[in-house]
Amino acid sequence: MKGLFITFEGPDGAGKTTQLKRLAAKLQETGRDVIVTREPGGTSISDQIREVLLSPDNKKMTDQAEVLLYAASRAQHVHELIIPSLAQGKIVLCDRFIDASMAYQAYGLGIDEQFVRSVNHYASSGLQPNRTYLLDVPIEVSLARLSHRQSTVTGSELDRIEQKPADYHRKVREGFVRISEQNRERVCWVNASRGEEEIAGDIWSDCNRLLNHF
Ligand SMILES: Nc1ncnc2c1ncn2[C@@H]1O[C@H](COP(=O)(O)OP(=O)(O)O)[C@@H](O)[C@H]1O
Ligand SMILES: Cc1cn([C@H]2C[C@H](O)[C@@H](COP(=O)(O)OP(=O)(O)O)O2)c(=O)[nH]c1=O
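Remember, predicted model here, so these are calculated numbers, not experimental data.

Cut-offs used in this document
- Residues numbered from 1 in each chain as written.
- Chains lettered and ligands numbered in written order.
- Predicted model: local features only at pLDDT ≥ 70, side-chain atom pairs only at ≥ 80, totals over all residues.
- Helix = DSSP H or I, 4+ residues; strand = E, 2+ residues; numbered from the N terminus.
- Buried ≥ 20, exposed ≤ 12 C-beta atoms within 10 Å, placed from the backbone.
- Contact = placed C-beta atoms within 7 Å.
- pLDDT = per-residue confidence, 0-100.
- Near = placed C-beta within 6 Å.
- Nonpolar A, V, L, I, M, F, W, Y, C, P; charged D, E, K, R; others polar.

> Help me get a handle on the environment of aspartate 57, residues and values and all.
Its location among the elements puts aspartate 57 in the loop between helix H2 (44-54) and helix H3 (63-87). Here the alpha-carbon distance between aspartate 57 and arginine 160, two residues 103 residues apart in the chain, equals 7.8 Å.

Spelled out as structure tokens, the structure:
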């Protein structure tokens, strides 16, 4: 694969979207061909699945349906958009990927880790990011940031996942930290409790190192 695949992970409200946009702008300034995308979503079919996943009306969704719908949305996204873009040598910046399913569905909901990993391996044909920025914040900080933000699916209301109890979000955060410890080569842990500029500076220096080997 000729391109570079970079993902952003972390709890809701950690500042992923903010940092992803900043990195995209920096890369574009240096003349790189960048695709910005997100999960769940990124293609028309994946966005339709996103609506089902995040609508607060769908409180009856079973854990089994949830894990499979995230994987289905990802399967379409990977094969329709991400792999073809990487094949053209582009840099793909993606807001969330498989680590989110490991943190939210495996660690958060308690679904068998091995199952979540293998269903997502199938969905993505084994595609792995070259680098993942894990924006880590205590949930008190991320939930406070969220209360000031408009949801992309629901407007001002929190979406179905964001509405889950604080204990769930705590487990998700712990899941992300564990993932970063188990994947030190790929995952760059970022203290996201700081100001936007400082975080962006750290990400940009790491990304520059990555680009030197690209
Ligand atoms: N470092 C930061 N410090 C304070 N507020 C931030 C910071 N980064 C982002 N925000 C704000 O927090 C909210 C959530 O940020 P966002 O980038 O949408 O997070 P995420 O994509 O992780 O859910 C937004 O209102 C954003 O302006
Ligand atoms: C990609 C993915 C997301 N999610 C959750 C995390 C978010 O709560 C939601 C996506 O909503 P989104 O608004 O894109 O995230 P954020 O609030 O961080 O900007 O879906 C999973 O539970 N599993 C997954 O595999």
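> Give a detailed account of unusual backbone geometry, specifying residues and quantitative values.
Residue proline 40 follows glutamate 39 across a cis peptide bond; omega there is -10°. Take proline 40: it is sitting in the loop between strand E2 (34-38) and H2. The phi dihedral of arginine 96 falls on the positive side, at around 80°, and the residue is not glycine. Tracing the backbone through its elements, the reader meets arginine 96 in the loop between strand E3 (91-95) and helix H4 (98-108). Of note in the backbone geometry, serine 125 takes a positive phi value of approximately 50° without being a glycine. Along the chain, the position of serine 125 falls in the loop between helix H5 (113-124) and strand E4 (131-136).

> So, the environment of phenylalanine 5: which residues are in play, and what are the values?
As for its position among the elements, phenylalanine 5 is in strand E1 (residues 4-9). A tally of 23 C-beta atoms within 10 Å means that phenylalanine 5 is categorised as buried. Considering only alpha carbons, one finds phenylalanine 5 and arginine 184, 179 residues apart in sequence, at a separation of 16 Å. Once residues lying within four places of it in the same chain are set aside, the contact partners of phenylalanine 5 are Ile82, Leu86, Val92, Pro129 and Asn130.

> Go over the confidence of the model for the protein chain with me, naming the residues and quoting the values.
Across the protein chain, the average pLDDT comes to 95, with 96% of residues at 70 or higher. Taken over the whole predicted complex, pTM reads 0.96, whereas the ipTM for its chain interfaces reads 0.97.

> How would you explain the site of ligand 2 if you had to name every residue and give the values?
Around ligand 2 sit 17 residues, and of these Asp12, Ala100, Ser101, Tyr104 and Ile161 come closest. Counting only elements with at least two residues in the shell around ligand 2, the list comes to helix H1 (16-29) and H4. Of the residues forming the shell around ligand 2, the biggest block, 4 residues, is contributed by H4. Its residues assigned to classes, the shell around ligand 2 comprises 6 nonpolar, 4 polar and 7 charged.

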